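As a plain string of letters, each chain reads:
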Amino acid sequence: MSKNNIKINEKETVCAVVVTYNRKNLLIECLEALRRQTRPLEGIYIIDNASTDGTPQVLKEKGYIKELPPENLIEPWEKEFEIENLIDGNSIKIHYVRMHKNTGGAGGFYEGVKRAYEKGYDWFWLMDDDAEPKEDTLEKLLTHNKPDILCICPLIVNKYTNRVQNYHHKDFNFYMLDIPILNKTNIQDYKDKLLNIKANAFVGPLIKRKAVDLVGFPNPDLFIWGDDTEYTYRINKKGKIILVGSAIILHKDNLSMQSNMIDKRQVWKIYYYFRNKVLFIKSYSKYNLWAYVYLCYKAIKQSISLLIKYRMLDKFLLPIKGIKDGIRNNIKSGEI
């Protein structure tokens, strides 16, 4: 694909890609944090996954967009606007995409990265709407740009506890299950650290254009859970991913995600965890029989827990169904 003329004074351009669904207040907090970056952005792609909570109206009220999208869309609708950054008053291009349906995080990031790539941006800063980078996060990330590095990640910190969410910075065990590459949760332990990692959550990874040249776009078929791991691991197979301990991005997980309890309203997502994990193993460790066996063991264990501990008679087979559909390459999306 050809690259358009979007460079400003020969400086490499950065475009944030923010995916949102029914979290308008968090979205505005995220966008305000992006406008406060000491190294200002050139663009922001807002991928609105057909929100039903009035997200477009709030974006218009806050000045991010100047007109509302049409109702009853049958395909994505994109419009470009501008808003001032809060550092020097220069403009940031706002690319607002209203999706015609909820395509999940995977579909949203596919759409955002693809469109930002086609606009010609040099860097893509990926995050969900519940992320809030510190003012100097982008500046610190770009300080560590080198030719062999394809992705630069900030340290992900829970905003409510001020502890590092080490499970979002990943390595992999023999069974191809992602495990935390960090073993401490105190921010100060990573203040001056630069670490090589193998995968990262979509909470602030800064991805170089070259990475997209090499590996393509995020996989929209995954819908949710594991799409970030797959994409960043795919990038890792072609070049370095580093974690910058001094660059902080705050993550506003809801209370149910901070505990070990299962949110019954979100339990359907477990299906995608197991289905996408099978697809991941098939892509990167196809002949690792023990990886499949151990994942099946985990699925059975999870199903028993859903049945006995949580009494979910209509949902307890979701882990096993996910395994089965992953083996069969049964690609579906939406709430199960």
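A. Layout of the nonpolar core. Ranked by size, the top nonpolar core spans 38 residues in total, and within it L31, L34, I44, L59 and W125 carry the most contacts. Considering every element that reaches this core, the biggest residue donor is helix α1 (residues 24-35), with 5 residues. In contact with L34, not counting residues within four places along its chain, are A16, V18, L41, I44, W125, M127 and P133. Counting residues in hydrophobic clusters, the runner-up holds 36 residues, among them V113, Y117, L155 and Y231.

B. Fine view of the pattern of salt bridges. Under the counting rule described, the total for this entry stands at 24 salt bridges. With a shortest N-O distance of 3.2 Å, R35 and E32 are connected by a salt bridge. Note that R35 and E32 are positioned in helix α1 at a spacing of 3 residues, about one turn of the helix. Of the residues examined, E32 reaches a relative accessible area of 22% and is grouped as partly exposed. Ionic pairing is found between D178 and K170, a salt bridge with its closest N-O pair at 3.9 Å. Overlapping salt bridges bring together E29, E132, K159 and K252 as one network.

C. Structural view of the packing of aromatic side chains. Tallied over the entire structure, the rule returns 18 aromatic pairs. Taken together, a centroid distance of 5.4 Å and an interplanar angle of 20° make the contact between F172 and F280 stacked. A residue pair is termed long-range when its members are at least 10 positions apart, and F172 in strand β8 (residues 169-172) and F280 in helix α8 (residues 269-284) qualify at 108 residues. Seen from their ring centres, Y273 and F274 are 4.9 Å apart, and the 90° between their planes marks the pair as edge-to-face. What makes F274 buried here is its relative accessible area of 3%. An aromatic cluster of at least three residues, connected via ring pairs, comprises Y110, Y117, F124 and F217.

D. Expanded view of the packing of α8 against helix α9 (residues 289-308). Closest axis-to-axis distance for the α8/α9 pair is 11 Å, and the angle between their directions is 175°. As summarised for this structure, α8 and α9 are arranged roughly antiparallel, according to the angle between their axes. Facing α8, whose interface residues are I270, Y273, F274, K277, V278, I281 and K282, α9 presents A291, Y292, L295, K298, A299, Q302 and L306. A class-by-class count of the residues in the contact of α8 with α9 yields 10 nonpolar, 1 polar and 3 charged.

E. Structural detail: the pairing of strand β3 (residues 77-84). Summarising the sheet, β3 and strand β4 (residues 91-98) pair through 8 bridges and their orientation is antiparallel. When the bridges of β4 are listed, W77 appears paired with R98. Joining the antiparallel neighbours β3 and β4 is a turn of 6 residues, in which G89 adopts a positive phi near 85°.

F. Seen up close, helix α3 (residues 104-119). An ideal rise of 1.5 Å per residue puts 22 Å on 16 residues; α3 measures up with 23 Å between its terminal C-alpha atoms. With 12 of 16 residues buried, α3 lies mostly within the body of the structure. Among the residues making up α3, those that are buried are G104, G105, A106, G107, G108, F109, E111, G112, V113, R115, A116 and Y117. Just downstream of α3, G120 is the residue with a positive phi angle, here 100°.

G. Structural context of the side chain of R209. Mapped onto the elements, R209 comes out in helix α5 (residues 209-215). The buried charged residue R209 lacks any salt bridge partner; its closest oppositely charged side chain belongs to D213, at an N-O distance of 4.6 Å. A polar atom in the side chain of R209 sits 3.0 Å from the backbone oxygen of Y117.

H. Spotlight on unusual backbone geometry. In this model, F223 sits at a positive phi of 65°, which is unusual for a non-glycine residue. Within the secondary structure layout, F223 lies in the loop between α5 and α6 (227-236).

I. Structural context of the sheet that holds strand β11 (residues 199-200). Here 3 strands make up an open sheet; going across it, the order is β9-β8-β11 and the pairing antiparallel. In this open sheet, the two edge strands, each paired with only one partner strand, are β9 (178-180) and β11.

J. Highlighting the pairing of β8. Judged from the 2 bridges that link them, β8 and β11 form a sheet pairing that is antiparallel. Bridge assignment links K170 to a residue of β11, and that residue is A199. Pairing geometry for β8 and β9, over 3 bridges, is antiparallel. Looking at β9, one finds that D171 is bridged to I179. The turn joining β8 and β9, which pair antiparallel and follow one another in sequence, is formed by 5 residues; a positive phi near 60° is taken by M176.

Calculation rules
Residues numbered from 1 in each chain as written. Predicted model: local features only at pLDDT ≥ 70, side-chain atom pairs only at ≥ 80, totals over all residues. Heavy atoms only, no water. Core = buried A, V, L, I, M, F, W, Y, C linked by side-chain atoms within 4.5 Å. Buried < 20%, exposed > 50% of the residue type's maximum accessible area, 1.4 Å probe, protein only. Helix = DSSP H or I, 4+ residues; strand = E, 2+ residues; numbered from the N terminus. Contact = heavy atoms within 4.5 Å. Salt bridge = Lys/Arg side-chain N within 4 Å of Asp/Glu carboxyl O. Phe/Tyr/Trp six-rings, centres within 6.5 Å; stacked < 30°, edge-to-face > 60°. Axes fitted to C-alpha atoms, helices over the stretch in contact; angles between N-to-C directions. Parallel < 35°, antiparallel > 145°, perpendicular 65-115°, else oblique. Nonpolar A, V, L, I, M, F, W, Y, C, P; charged D, E, K, R; others polar. Pairing = 2+ DSSP bridges. Expected span 1.5 Å × (residues − 1). Lys, Arg positive; Asp, Glu negative; His and termini not counted. Polar contact = N/O pair within 3.5 Å; in protein donor to acceptor, adjacent residues only side chain to side chain.

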